[in-house]
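# Observations on the model geometry
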Amino acid sequence: GAAPRVRAELNERVPLRAYEFGLALPRTVQELLKRSTSAAATRKCGVCRRRPLKPALCLLCGAVVCMSSACCKDDATDSHECYTHAQWCGEGTGVYFITSTTYTLVLRDERAAVWHALYVDEFGEADADLRRGKPLLLRNDLVDALRRMYLLAAFDSDSDVLQHTRKTARAY
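Every value quoted in this text rests on a predicted model; they were computed, and no experiment measured them. (Residues numbered from 1 in each chain as written. Predicted model: local features only at pLDDT ≥ 70, side-chain atom pairs only at ≥ 80, totals over all residues. Heavy atoms only, no water.)

### Considering the nonpolar core
Membership of the largest hydrophobic core comes to 36 residues, with the highest contact counts inside it found for Cys 82, Tyr 96, Leu 105, Leu 118, Tyr 119 and Leu 146. If you list the elements that add at least two residues to this core, you get helix 3 (29–42), strand 1 (55–58), strand 2 (64–66), helix 4 (81–89), strand 3 (93–98), strand 4 (103–108), strand 5 (111–117) and helix 5 (140–151). Excluding residues that lie within four positions of it along the chain, Tyr 96 makes contacts with Ala 56, Leu 57, Cys 58, Leu 59, Val 65, Cys 82, His 85, Ala 86, Tyr 103, Thr 104, Leu 105 and Leu 107. (Core = buried A, V, L, I, M, F, W, Y, C linked by side-chain atoms within 4.5 Å. Buried < 20%, exposed > 50% of the residue type's maximum accessible area, 1.4 Å probe, protein only. Helix = DSSP H or I, 4+ residues; strand = E, 2+ residues; numbered from the N terminus. Contact = heavy atoms within 4.5 Å.)

### A few points about helix 4
Helical geometry note: an α-helix holds 3.6 residues per turn, so side chains three or four residues apart project in the same direction. Within helix 4, burial applies to Glu 81, Cys 82, Tyr 83, His 85 and Ala 86. Turning to helix 4, the residues buried within the fold contact strand 1, strand 2, strand 3 and strand 4. A positive backbone phi angle near 50 degrees is found at Glu 91, which sits one or two residues after helix 4.

### Describing the packing of aromatic side chains
Per the counting criterion, the structure on display carries one aromatic pair. Plain terms: the ring middles of Phe 97 and Tyr 119 are 5.9 Å apart, the flat faces sit at 80 degrees to each other, and that makes the pair edge-to-face. Of this pair, Phe 97 sits in strand 3 while Tyr 119 sits in strand 6 (residues 119–120), and the two are 22 residues apart along the sequence. As far as burial versus exposure is concerned, Phe 97 and Tyr 119 are alike and both buried. (Phe/Tyr/Trp six-rings, centres within 6.5 Å; stacked < 30°, edge-to-face > 60°.)

### What to know about the pattern of salt bridges
If you walk through the whole model with that rule in mind, you get six salt bridges. With a shortest N-O distance of 3.8 Å, Arg 132 and Asp 127 are connected by a salt bridge. On the basis of relative accessibility, which here comes to 6%, the residue Asp 127 falls in the buried class. Residues participating in the shared-partner salt-bridge network are Asp 121, Glu 125, Asp 127 and Arg 132. (Salt bridge = Lys/Arg side-chain N within 4 Å of Asp/Glu carboxyl O.)

### Digging into the environment of Pro 135
Tracing the backbone shows Pro 135 in the loop between strand 6 and strand 7 (137–138). As for Pro 135 and Gln 30, which are separated by 105 residues in sequence, their C-alpha atoms are 7.6 Å apart. Setting aside its immediate chain neighbours within four residues, Pro 135 contacts Gln 30, Val 120 and Asp 121.

### Notes on helix 5
Along its twelve residues, helix 5 runs 16 Å from first to last C-alpha, staying within 8% of the 16 Å computed at 1.5 Å per residue. Along helix 5, the residues classified as buried are Leu 142, Val 143, Asp 144, Leu 146, Arg 147, Arg 148 and Met 149. Immediately beyond the C-terminal end of helix 5, within one or two residues, lies Ala 153, with a positive phi of roughly 50 degrees. (Expected span 1.5 Å × (residues − 1).)

Okay, structure coming up:
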């Protein structure tokens, strides 16, 4: 069937160019948080005109958007800003770094999944709430997997992403 072929394609080396996936991620989460905090401090919500209370960094274009904030909910479509941004930025696909955690938010059409931590400590463990204070380093293997899934439009068929699907995408 189609699933084994998709899995085989994901395991093949896909040449990646930075502009196909968006911004280059820094080696440490501290540098990424510094960048996104700086961007969030200067960016204002299009709805409430305040800085995002729950910022999420779009890994496709580098925009900082509000995540699941009531201030950004579009009552007409019952959609929050991550979902709305994904509609025009990624044609229905959104890939975000959640700045209050080390996890990745993947939106695809009406589905949302909180996926793996892209940054881990020296033992390979995630610091989910950024409370331990240890240096967190980028896991290039997960970034490569995320890029391949994005480039191959494989979020709909990847069992790991589907396993982590929890909510409808409009809630983000």
